[in-house]
Amino acid sequence: MPDSFRPSPQWSDKVLLALSALLGALGVTLSAAEAHLAPGTGLQSAALLALVTAPACLALLVCGLLGLLGLNAARLFTSLLWLGCFLFSASLSAKILGPLLPAGHVLAGFVQVLAPIPMLAPFGGSLMILVWLLGAVFALQPRK
């Protein structure tokens, strides 16, 4: 596609790309934490979800930039998919890793904030399901 037809990425697109990359890093980190700190605890579920969602967020945003999906819809779907995955993974991780962290650990404050919030992981998962369903509907809509 010639450059003249491509929309110029906005700063928000760059932020979404960076957040998606960080989500991938979170997935690798959680996978290592499951292997070394908390084997068999279910932390691998959070890691896998982050590792799968990171490239999906990148793909959604690229689809918007290429015109395969409306750009604003792609930005919204990317943001909501990222948020849902982060809420799910962070909540699950906080509940699993919280008791394993020594007092004063750099993540202790993060865990203290997230762990007591009820239904955060199911909310994040439900949000992701909704985004996938909306993405399917929007993908089949005729482009103007």
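Notes on the structure in this doc start here.

What counts, and at which threshold
Residues numbered from 1 in each chain as written. Predicted model: local features only at pLDDT ≥ 70, side-chain atom pairs only at ≥ 80, totals over all residues. Heavy atoms only, no water. Helix = DSSP H or I, 4+ residues; strand = E, 2+ residues; numbered from the N terminus. Contact = heavy atoms within 4.5 Å. Areas by Shrake-Rupley, 256 points an atom, 1.4 Å probe, with all protein chains shown as cover. Core = buried A, V, L, I, M, F, W, Y, C linked by side-chain atoms within 4.5 Å. Buried < 20%, exposed > 50% of the residue type's maximum accessible area, 1.4 Å probe, protein only. Disulfide = S-S within 2.5 Å. Phe/Tyr/Trp six-rings, centres within 6.5 Å; stacked < 30°, edge-to-face > 60°. Axes fitted to C-alpha atoms, helices over the stretch in contact; angles between N-to-C directions. Parallel < 35°, antiparallel > 145°, perpendicular 65-115°, else oblique. Left-handed = near helix turned anticlockwise from the far one by under 90°. Expected span 1.5 Å × (residues − 1).

1. A short note on the overall build of the protein
Link 1 in the chain: For the protein, the helix and strand inventory stands at 5 helices and 0 strands.
Link 2 in the chain: Counting from the amino terminus, helix and strand elements in the protein follow one another as α-α-α-α-α.
Link 3 in the chain: Long-range contacts, defined here as pairs at least 24 residues apart, represent 71% of the contacts in the protein between residues at least 6 apart.
Link 4 in the chain: For the protein, the exposed area adds up to about 8300 Å²; of that, 75% sits on carbon and sulfur atoms.

2. Some points on the nonpolar core
Link 1 in the chain: Formed by 15 residues in total, the largest nonpolar core has its most connected members in Leu23, Leu60, Leu69, Phe77, Leu81 and Cys85.
Link 2 in the chain: Looking at this core, the elements that each hand over two or more residues are helix H2 (43-66), helix H3 (71-97) and helix H5 (120-139).
Link 3 in the chain: Take this core: its biggest share by element is 6 residues, from H3.
Link 4 in the chain: If we ignore the near neighbours within four places in the chain, the residues touching Leu81 are Thr53, Ala56, Cys57, Leu60, Met128, Val131 and Trp132.
Link 5 in the chain: Formed by 8 residues, the second largest nonpolar core is a distinct cluster that contains Ala33, Leu43, Ala47 and Leu97.

3. Concerning the state of the cysteines
Joining two cysteines, a disulfide is a covalent bond between their sulfur atoms.
Link 1 in the chain: This model, assessed by the stated rule, comprises 0 disulfides.
Link 2 in the chain: Residue Cys57 stays outside any disulfide, its sulfur separated by 7.1 Å from that of Cys85, the closest cysteine.

4. As for the packing of aromatic side chains
Link 1 in the chain: Inspection of the entire model under this criterion finds 2 aromatic pairs.
Link 2 in the chain: Taking 5.2 Å as the distance between ring centres and 90° as the angle between the ring planes, the aromatic pair formed by Phe77 and Phe138 counts as edge-to-face. Placement of the pair is Phe77 in helix H3 and Phe138 in helix H5, with a sequence separation of 61 residues.
Link 3 in the chain: On the basis of relative accessibility, which here comes to 4%, the residue Phe77 falls in the buried class.
Link 4 in the chain: Take Phe138: its relative accessible area is 41%, and that puts it in the partly exposed class.

5. Brief notes about the packing of H3 against H5
Link 1 in the chain: Where H3 meets H5, the closest approach of the two axes is 7 Å, and the angle between their N-to-C directions is 155°. Judged on the interaxial angle alone, H5 and H3 are roughly antiparallel. As H3 packs across H5, the resulting crossing turns out to be left-handed. Each of Ala73, Phe77, Leu80, Leu81, Leu83, Gly84, Cys85, Leu87, Phe88 and Ser91 in H3 lies in contact with H5, whose residues at this interface are Leu120, Ala121, Phe123, Gly124, Gly125, Leu127, Met128, Val131, Trp132, Leu134, Gly135 and Phe138.

6. As for H2
Link 1 in the chain: Its 24 residues place the ends of H2 35 Å apart at the C-alpha level, agreeing with the 34 Å of an ideal helix rising 1.5 Å per residue.
Link 2 in the chain: Every buried residue belonging to H2 is among Leu43, Ala46, Ala47, Ala50, Thr53, Ala54, Ala56, Cys57, Leu60, Leu61, Gly64 and Leu65, and all of these are buried.
Link 3 in the chain: Contacts from the buried residues of H2 go to helix H1 (11-36), H3 and H5.
Link 4 in the chain: Residue Gly67 follows H2 closely and has a positive phi angle near 90°.

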